[in-house]
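Structural description and commentary
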Amino acid sequence: MTVSLLALAASHRANSLNRTLLQHAIPLAEQAGAQVRQLDYDACESPLYRGEHTSLPQGAQYLADALLAHDGLLLASPEYNWSIPAGLKNLIDWLSVDPRAPLRGRTALLLCASPSARGGISGLQQVRVPLELLGMWVYPQMVGIGDAANTLQQGALLRPKDQLYLQNTVQDFVRATGALSHAH
Ligand SMILES: Cc1cc2nc3c(=O)[nH]c(=O)nc-3n(C[C@H](O)[C@H](O)[C@H](O)COP(=O)(O)O)c2cc1C
């Protein structure tokens, strides 16, 4: 069975570095045999979760439905102040009150492109915490591309060592997703 992946860049910016990074990752996942659907982050936008709800807002519902229809998620998220962007955390909080548990049993590969030298790994470390709590299997290694304002211009190639790391990681993530999702 073919592995199905959702791809999401958690940035609303027109020239998002993380969306560009995702554009590099998607063909690699497809080459590894996955079917990939990219989701529009703007369409996921949701009001702040205030601790009371009757039903999910349209944006969170759109993301939850898409997650339920796929085996795994390629998630490229910016690092904000060494942590998770508030909009993404808000969406995860909405997903957590969906009785269908749309994250449970799915896999995720976390990626970040950042202008800093560190590549945003501290932020991703915090993105993985609520995802794992909610039942996702998050790939142990994370892809942090540093100095991205210079190396990830639209249409440019990644540095060879970044490209190789991305390729190997995405390939193994697709393999692991296949093994996990077909085991149940
Ligand atoms: C509120 C805020 C906090 C940020 N904090 C960090 C940070 O901790 N580390 C980092 O590398 N970049 C940080 N940045 C810079 C972002 O990495 C940069 O804006 C990047 O382009 C965002 O990703 P995007 O292009 O996909 O939107 C921050 C940006 C904003 C707006």
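Within each chain, residues carry numbers counting from 1 in the order of the written sequence. Selection of residues for local features in this predicted model requires a pLDDT of at least 70, selection of side-chain atom pairs for listing and counting requires 80 or more, and totals for whole chains, interfaces and linings are taken over all residues. As a rule here, side-chain values cover all heavy atoms of the structure and leave hydrogens and water aside.

Observations regarding the overall build of the protein chain
To be explicit about the condition: Secondary structure elements follow DSSP: runs of H or I no shorter than four residues count as helices, runs of E no shorter than two count as strands, and numbering proceeds from the N terminus. Here the globule rule reads 2.2 Å times residues to the power 0.38, and the radius of gyration is calculated from C-alpha atoms.
When its secondary structure is counted, the protein chain shows six helices and six strands. Listing the helices and strands of the protein chain from first to last along the sequence gives β-α-β-α-β-α-β-α-β-β-α-α. The C-alpha atoms of the protein chain give 15 Å as radius of gyration, which agrees with the globular expectation for 184 residues (16 Å, within 12%). Seen through its principal axes, the protein chain has C-alpha atoms that stretch 50 × 40 × 25 Å.

A few points about the pattern of salt bridges
Using the following cut-off: One side-chain nitrogen of Lys or Arg within 4 Å of one carboxyl oxygen of Asp or Glu is enough to make a salt bridge. Three exposure classes are used, based on accessible area relative to the maximum for each residue type with a 1.4 Å probe and protein chains only: buried under 20%, partly exposed in between, and exposed over 50%.
Under the definition given, this model contains eight salt bridges. One salt bridge connects R128 with E132, and the closest N-O pair in it is separated by 2.9 Å. On the criterion of helical spacing, the pair formed by R128 and E132 is a turn pair, its members being four residues apart in helix α4 (residues 121-133). By relative accessible area, R128 is classed as buried at 9%. Look at E132 and you get partly exposed, because its relative accessible area is 36%.

Some details on the nonpolar core
What counts is decided by this rule: Residue types Ala, Val, Leu, Ile, Met, Phe, Trp, Tyr and Cys, when buried and joined through side-chain atoms within 4.5 Å, form a set referred to as a nonpolar core. Only heavy atoms matter for contacts: two residues are in contact if any of them lie within 4.5 Å across the pair.
Ranked by internal contacts, the top residues of the largest apolar core, which has 30 residues, are L63, L110 and L131. Elements represented by at least two residues in this core include exactly β1 (4-9), α2 (58-68), β3 (72-76), α3 (86-96), β4 (107-113) and α4. Non-local contacts of L110, meaning those with residues more than four positions away in its chain, are made with L75, L124, V127, R128, L131, V138, M142 and V143. Counting 28 residues, the second-largest nonpolar core is a separate cluster that includes L5, A9, A25 and Y139.

Description of the site of the ligand
Note the threshold: Proximity is defined per residue: if any heavy atom of the residue lies within 4 Å of a molecule or strand, that residue is considered near it. Pairing of N or O atoms within 3.5 Å defines a polar contact, subject to two protein rules: one partner must be a possible hydrogen donor and the other a possible acceptor, and residues neighboring in sequence count only if both atoms are side-chain atoms. A pocket here means an open set of points on a 1 Å grid, computed over the protein atoms alone, that has protein on both sides within 12 Å along at least five of seven lines. A cavity is instead a set of points where a 1.4 Å probe fits but cannot get out; residues with an atom within 4 Å of a point line either one. For this analysis, a molecule is said to be in a pocket or cavity if more than half of its atoms are within 2 Å of the grid points defining it. The classification used treats Ala, Val, Leu, Ile, Met, Phe, Trp, Tyr, Cys and Pro as nonpolar, Asp, Glu, Lys and Arg as charged, and all other residues, Gly among them, as polar.
Among the 13 residues in the neighbourhood of the ligand, the closest are listed as S11, R13, S16, E79 and N81. In the model, a nitrogen atom of the ligand is placed 2.5 Å from a nitrogen or oxygen of the E79 side chain. Using a 2 Å cut-off from the grid points, one finds that the ligand occupies the largest pocket. Residue composition of the shell around the ligand, grouped by class: five nonpolar, six polar and two charged.

Focus on the state of the cysteines
Put plainly, two cysteines are in a disulfide when a covalent bond ties their sulfur atoms together. Note the cut-off: Only a pair of cysteine sulfur atoms within 2.5 Å counts as a disulfide in this structure description.
Under the counting rule described, the total for this entry stands at zero disulfides. Cysteine C44 remains unbridged, with the sulfur of C112 as its closest cysteine sulfur at 18 Å. Accessibility expressed as a relative area gives 0% for C44, which makes it buried.

Side note on the packing of helix α1 (residues 17-31) against helix α6 (residues 160-181)
Where we set the bar: To obtain an axis, a line is fitted to C-alpha atoms, over the contacting stretch when the element is a helix, and the angle between two such axes runs from 0 to 180 degrees between their N-to-C directions. Roughly parallel covers angles under 35 degrees, roughly antiparallel covers those over 145, roughly perpendicular covers 65 to 115, and oblique covers all other angles. The sense of a crossing depends on the near helix, which, turned anticlockwise from the far helix by less than a right angle, makes the crossing left-handed and, turned clockwise, makes it right-handed.
Two numbers describe how α1 lies on α6: the axes approach to 9 Å, and their chain directions differ by 50 degrees. When the axis of α1 is compared with that of α6, the two are oblique. Where α1 crosses over α6, the handedness of that crossing is right-handed. For the pair formed by α1 and α6, the contact residues are L21, H24, A25, L28 and A29 on the first element and Q163, L166, Q167, V170 and V174 on the second. Classifying every residue of the contact of α1 with α6 gives seven nonpolar, three polar and no charged.

None of the figures reported here should be taken as evidence of function without further support.
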